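# Chain and residue survey
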Amino acid sequence: MTESTYIMAIDQGTTSSRAIIFDKKGRHIGSSQKEFTQYFPRESWVEHDANEIWNSVQSVIAGAFIESGIKPTQIAGIGITNQRETTVIWEKDTGRPIYHAVVWQSRQSASIANKLKEDGHQEFFHEKTGLVIDAYFSATKIRWILDHVEGAQERAEKGELMFGTIDSWLVWKLTDGQAHVTDYSNASRTMLFNIHELDWDQEILDLLNIPRVMLPKVTSNSEVYGYTQGYHFYGSEAPISGMAGDQQAALFGQMAFEPGMVKNTYGTGSFIVMNTGEKPQLSKNNLLTTIGYGINGKVYYALEGSIFVAGSSIQWLRDGLQMLQKASDSEDAAKRSTSDDEVYVVPAFVGLGAPYWDQAARGSMFGLTRGTTKEDIIKATLQSIAYQVRDIIDTMQDDTGIQIPVLKVDGGAANNEYLMQFQTDILNVPIQRAGNLETTALGAAFLAGLAVGYWKDTDEIREFYEAGKIFEAEMPEERREKLYTGWKKAVKATQAFE
Ligand code: G3P
């Protein structure tokens, strides 16, 4: 009897790594998760140890096998999805990173980004890459590492160093240096990739003095990139056949295959992505044009609004302010808040992302009275996530002229009923929660399975969509607009305080 086969997704996120095994029907069969260290060497810097990330990935691969009882030889394909933009530079010969991974949230290269803006390069970058100039993207992080590690520029020019986002790093490690690749979705977040020509942009590389030789080969999101070395995959040589940045993987996992479909993932940050079809559409309002995914010779573009701090603001309440025992307690705490006073938290801990793109902004609180309680602050922090999503949805509707009929949501905080109800209330758009909140991992698994013929086409996987709860707005219009006007004022005041 032939053994059943499965697809493994490796989801390497900002705070933890996970491996999840899915079966033919897209069902979760087993998984494992591991957190790793966050380094904050200076105010607003965020770094990871790329080797610790690799170790955590090895450990969750083992954990998923143990939990599911499935053997490594039963894995028909591996899909990798990852925190995007985070930048690793390592030695080609030894595989040793020359510096910590500089995380997408980190502001340590802000002065490089500011200089590019002062020199008037905004249009140049926007037209080529679809992005706004910001320290969020990999380009300035690469420049920063090459500037701060002695001899790095020279070594990079000689071809001794390699750059990769986390997808590249993991494929390189799993194949033991056989493949140095990235995919369209991750490449489109570097600020070095020409999204029209689908190639690294030589003019940008020249401007930033980044040697092309250190960059990975860019591939589609669904094809075989290489095979695991047996000693990294418990004796099996499994094909690595799917790869996508986590937000794009979630778009795929939410089956937002048609233009106009929009998803929001509530993770560390919150990322609203709209499939815009086969032509890139440049935003007039500071949203990002990015690559959704490339599959079977076609490339699908997307518009994205990136919020830097969402779930991490709840972690801040829990770990920093010690107002919560568990993040999920925020739901009951918010429901306990009886105050109608409008307290606003603007969680600009690492600046503000779309549509403000303000690197210098820092967090603030408004509307406090002698009667303000812990619960009011927790509620205001949850609300700040929803207000930021409204900022993006309004901008997206304005940019595209499309009235978004429904927002598909997933990610950890999508479990928070208070947040979901407030979100639909403040948007006045229905919210469809995914039945399976693992959409990021599922998307990577689908991409991997499609490449190896595990699934035939997207029509087959559409059958697996599990719809979850639908939330509908109940808030009176007048209250909605009063609250949102207060939020806009709070953001303005935050920016004025810089
Ligand atoms: O762009 C950053 C994003 O990919 C991080 O996602 O899920 O780790 O917050 P997450």
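Provided above is the structure to which this section pertains.
Summary of the structure given here. By convention here, each chain's residues receive numbers from 1 onward along its written sequence. pLDDT decides what is reported in this predicted model: residues at 70 or higher carry local features, side-chain atom pairs at 80 or more are listed and counted, and totals for whole chains, interfaces and linings draw on all residues regardless. By convention in this description, side-chain values take in all heavy atoms of the structure and omit both hydrogens and water.

### Here we look at the sheet that holds strand S16 (residues 270–277)
Paired strands are those between which DSSP finds at least two bridges. Note on conventions: DSSP H or I runs of at least 4 residues are helices, E runs of at least 2 residues are strands, and numbering of each starts at the N terminus. Strand order in the open sheet formed by seven strands is S17-S18-S16-S15-S21-S22-S23, and the pairing between neighbours is mixed. Looking at the sheet topology across the chains shown, the edges are occupied by strand S17 (288–295) and strand S23 (467–471). The average undirected angle you get between the axes of adjacent strands in this sheet is 30 degrees. Examined bridge by bridge, S17 and strand S18 (residues 298–307) share seven bridges and lie antiparallel to one another. For Tyr-293, the partnering residue across the bridge sits in S18 and is Tyr-300. Note on contacts: a residue pair qualifies if any of its non-hydrogen atoms lie within 4.5 Å across the two residues. Angles run from 0 to 180 degrees between N-to-C directions of axes, and those axes are lines fitted to C-alpha atoms, restricted for helices to the stretch in contact. Its contacts with the sheet place helix H9 (residues 246–253) against strand S15 (262–266), S16, S17, S18 and strand S21 (407–410), and it is angled at close to 60 degrees to S17.

### With respect to the packing of aromatic side chains
Only the six-membered ring of Trp is used, alongside the rings of Phe and Tyr, when aromatic pairs are assigned; centres must lie within 6.5 Å, and planes under 30 degrees apart are stacked while those over 60 apart are edge-to-face, with the rest tilted. As enumerated under the stated definition, the model contains 30 aromatic pairs in all. Measuring from ring centre to ring centre gives 6.2 Å for Tyr-418 and Phe-422, while their planes differ by 10 degrees; the resulting arrangement is stacked. Of this pair, Tyr-418 and Phe-422 both sit in helix H13 (residues 417–427), four residues apart, which is roughly one turn of the helix. Summarising the burial analysis for this pair, Tyr-418 and Phe-422 share the class buried. Grouping aromatic residues by their ring pairs yields a cluster made of Trp-104, Tyr-136, Phe-137, Phe-271, Phe-308 and Trp-357. The rule is short: NZ of Lys or CZ of Arg within 6 Å of the ring centre and within 35 degrees of the ring normal puts a charge over the ring. Above the ring of Phe-271, the side-chain terminus of Arg-84 is found at 5.1 Å from the ring centroid. Here Arg-390 stacks its cationic end above the ring of Tyr-484, 3.9 Å away from the centre of that ring. Buried residues are those whose accessible area, probed at 1.4 Å on protein chains only, stays under 20% of the maximum for their type, while exposed residues exceed 50% and partly exposed ones sit between those limits.

### A word on the packing of helix H12 (residues 374–400) against H13
Packing of H12 against H13 brings their axes to within 9 Å, and their N-to-C directions diverge by 40 degrees. One finds that H12 runs oblique with respect to H13. The element H12 and its partner H13 pack so that their crossing is right-handed. Contacts from Lys-379, Leu-382, Gln-383, Ile-385, Ala-386, Tyr-387, Val-389, Arg-390 and Ile-393 in H12 reach Tyr-418, Leu-419, Phe-422, Gln-423, Ile-426 and Leu-427 in H13. Amino acids outside the nonpolar list (Ala, Val, Leu, Ile, Met, Phe, Trp, Tyr, Cys, Pro) and the charged list (Asp, Glu, Lys, Arg) are all regarded as polar, and Gly is one of them. Across the contact of H12 with H13, the residue classes tally to 11 nonpolar, two polar and two charged. Note on angle classes: values under 35 degrees are labelled roughly parallel, values over 145 roughly antiparallel, values of 65 to 115 roughly perpendicular, and the remainder oblique. Crossing chirality is assigned from the near helix's rotation relative to the far helix, an anticlockwise turn below a right angle marking it left-handed and a clockwise turn marking it right-handed.

### A few points about the site of the ligand
The environment of the ligand is made up of Thr-14, Gln-83, Arg-84, Glu-85, Trp-104, Tyr-136, Asp-246, Gln-247, Thr-268, Gly-269 and Phe-271. Under the rule applied, a polar contact is a pair of N or O atoms within 3.5 Å (in protein, one hydrogen donor and one hydrogen acceptor; residues adjacent in sequence only if both atoms are side-chain atoms). Here an oxygen atom of the ligand and a side-chain polar atom of Asp-246 are 2.5 Å apart. Within the contact set of the ligand, an oxygen atom lies 3.4 Å away from a side-chain nitrogen or oxygen of Gln-247. Residue burial considers only the protein chains on display, and all accessible areas are found by Shrake-Rupley using a 1.4 Å probe. Taken by itself the ligand offers 310 Å² of open surface, and the protein chains cover 92% of this. Here, proximity means that at least one heavy atom of the residue falls within 4 Å of the molecule or strand.

### Brief notes about unusual backbone geometry
In this structure, Pro-355 follows Ala-354 across a cis peptide bond, with omega equal to -5 degrees. In this structure, Met-255 is a non-glycine residue whose phi angle is positive, near 60 degrees. Here Met-255 lies in the loop between H9 and S15. Classification of Met-255 as buried rests on a relative accessible area of 6%. A positive phi angle is found at Gln-322, which is not glycine, with a value near 50 degrees. Classification of Gln-322 by relative accessible area gives exposed; the value is 61%.

### What to know about helix H2 (residues 110–118)
Three or more residues of H2 are buried, namely Ala-110, Ile-112, Ala-113 and Leu-116. End-on view of H2: buried residues confined to an arc of 165 degrees, all on one side of the axis. When the buried face of H2 is taken as reference, the exposed residues oriented beyond 90 degrees from it are Ser-111 and Glu-118. As for H2, its buried residues are in contact with helix H3 (122–129), helix H4 (138–148) and helix H8 (202–208). Looking at the residues trailing H2, positive phi occurs at Gly-120, about 75 degrees. Working definition: the arc comes from the directions between the helix axis and the C-beta atoms, pointing outward to the latter.

### Some thoughts on the nonpolar core
If you look at the biggest cluster of nonpolar residues, it comprises 99 residues, and the most contacted ones within it are Ile-89, Leu-192, Met-214, Tyr-266 and Met-396. With 10 residues, the top contributor of residues to this core is H12. Contact partners of Met-396, with chain neighbours within four places excluded, come to Val-262, Ile-272, Val-273, Met-274, Leu-287, Leu-303, Glu-304, Gly-305, Gly-401 and Ile-404. Judged by nonpolar contacts, the second largest core, of 35 residues, contains Val-60, Trp-90, Leu-170 and Ile-240. Nonpolar cores are built from buried Ala, Val, Leu, Ile, Met, Phe, Trp, Tyr and Cys residues. Side-chain atoms within 4.5 Å join them into one set.

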